[in-house]
Each structure stands twice: as structure tokens, then as C-alpha cells.
Amino acid sequence: MFNSHEMANSFESHFASNFEFDPTHNICCVYDEKLPKMDVFKDILEFMKRLPIQKALTNQQRVFRSHIAHFWKNATYDEESDVITSSVSLDGEDKTIIITEQLVREVLDFPNDEN
């Protein structure tokens, strides 16, 4: 196992200088066809709406920078089981978070290998 804090520091040193969090939103894509000049992307937007990744691109859950930093500071990756584990504090109580590929697929509505 290796500490993903080291991985996060490596990422930060390469990309963080050009990366900024926007406090008003944290989505990757906008699918709002009513916005000015979006009509030129109508065909692409229709195609993208049919892809399973659409939820991952447009989900608007509020995520605080401090929570992300705390998660990765305490995270470890087990290569053998392909699992990320981290410890977080929830209502003053420490909780263990376990992230698997299957969990990510369920949360983002990605199809599994059978679909």
C-alpha cells in the first residue's frame, strides 16, 4: 500500500498551479441548451445526454476543498484489493470510508460489465 497523500502532492505540483476551484459551482459540463450560442452544440448535447458518464459530468453536489484535502491526506490505496480507504470525521465521530470500483459505478449510474 502507498499513501495517496504522496499521490495528491504529485498531482498538485503538476496541475494545481493552473487549477482553481470556483465557489459558485463545481460541475464539469453545462448541458443547458437555453444558454446563448448553445444551439450550435445541439447535436453533441443530445449525444452526450445518452452516455452513462452524463451524471458524472453534470452532478452538482457541493464539495468543499477542505473535505477533499482531508480525505486525501488520510487516504491509502491497497493495490491488491484495488480499494481506497480514508478516515473522516462526521458529527465529531471518526468514520472509515471505503471506495471501490463497484461503489463508483453505483453512485454514478455507470453500467457494469454485464450491461
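About the criteria used
- Residues numbered from 1 in each chain as written.
- Predicted model: local features only at pLDDT ≥ 70, side-chain atom pairs only at ≥ 80, totals over all residues.
- Heavy atoms only, no water.
- Helix = DSSP H or I, 4+ residues; strand = E, 2+ residues; numbered from the N terminus.
- Buried < 20%, exposed > 50% of the residue type's maximum accessible area, 1.4 Å probe, protein only.
- Contact = heavy atoms within 4.5 Å.
- Areas by Shrake-Rupley, 256 points an atom, 1.4 Å probe, with all protein chains shown as cover.
- pLDDT = per-residue confidence, 0-100.
- Polar contact = N/O pair within 3.5 Å; in protein donor to acceptor, adjacent residues only side chain to side chain.
- Pairing = 2+ DSSP bridges.
- Phe/Tyr/Trp six-rings, centres within 6.5 Å; stacked < 30°, edge-to-face > 60°.
- Patch = residues over 30% accessible without salt bridge, like charges linked within 9 Å, V, L, I, M, F, W, Y side chains within 5 Å.
- Salt bridge = Lys/Arg side-chain N within 4 Å of Asp/Glu carboxyl O.
- Core = buried A, V, L, I, M, F, W, Y, C linked by side-chain atoms within 4.5 Å.

### What about the overall build of the protein?
Part 1: Along the protein, the regular secondary structure elements total five helices and four strands.
Part 2: When burial is assessed residue by residue, the protein has 12% of its 115 residues classed as buried.
Part 3: Expressed as a percentage of contacts within the protein between residues at least 6 apart in sequence, the contacts between residues at least 24 apart total 46%.
Part 4: Of the roughly 9700 Å² of accessible surface on the protein, 55% is carried by carbon and sulfur atoms.

### A short note on the confidence of the model for the protein
Part 1: In the predicted model, the protein carries a mean pLDDT of 75, and the fraction of residues at 70 or more is 71%.
Part 2: Within the protein, no element has a lower average pLDDT than strand S1 (residues 2-3), which sits at 44, and none a higher one than strand S2 (residues 76-78), at 94.
Part 3: This stretch, residues 1-8, has a pLDDT under 50; its non-local contacts, to residues over four places away or in other chains, come to 18 contacts.
Part 4: The low-confidence segment residues 10-17 (pLDDT under 50) makes two contacts with residues lying over four places distant or belonging to another chain.

### Some thoughts on the side chain of serine 86
Part 1: With respect to the helices and strands, the residue serine 86 is situated in strand S3 (residues 83-90).
Part 2: A polar contact is formed between the side chain of serine 86 and the backbone oxygen of phenylalanine 71, at a distance of 2.7 Å.
Part 3: With near-sequence residues (within four places) excluded, serine 86 lies in contact with His70, Phe71, Asn74, Ala75, Lys95, Thr96 and Ile97.

### What to know about the pairing of strand S4 (residues 93-99)
Part 1: The pairing of S3 with S4 spans seven bridges and is classified as antiparallel. Along S4, the bridge assignment pairs leucine 90 with glutamate 93.

### Digging into the pairing of S3
Part 1: Pairing analysis gives three bridges linking S2 to S3, with the strands arranged antiparallel. Looking at S3, one finds that aspartate 78 is bridged to valine 83.
Part 2: Between S2 and S3, which follow one another and run antiparallel, lie four residues, and aspartate 82 among them has a positive phi close to 55°.

### Observations concerning the packing of aromatic side chains
Part 1: Applying the stated criterion across every chain, the model contains one aromatic pair.
Part 2: With a centroid separation of 5.1 Å and an interplanar angle of 90°, the aromatic rings of phenylalanine 71 and tryptophan 72 are classed as edge-to-face.

### Some remarks on a nonpolar patch on the surface
Part 1: Judged by side-chain polarity, Val40, Phe41 and Ile44 come together as a nonpolar surface patch covering roughly 300 Å² of accessible area.
Part 2: Note on placement: valine 40 falls in the loop between helix H1 (4-15) and helix H2 (42-49).

### Some details on the nonpolar core
Part 1: Listed in full, the five residues of the largest apolar core are Phe71, Ala75, Tyr77, Ile84 and Val88.
Part 2: Those residues in contact with valine 88, other than ones at most four positions away along the chain, are His70, Phe71, Glu93, Asp94, Lys95 and Ile97.

### A short note on the pattern of salt bridges
Part 1: With the rule as written, the count across this model stands at three salt bridges.
Part 2: Note that lysine 95 and glutamate 93 form a salt bridge whose closest N and O atoms lie 3.5 Å from each other.

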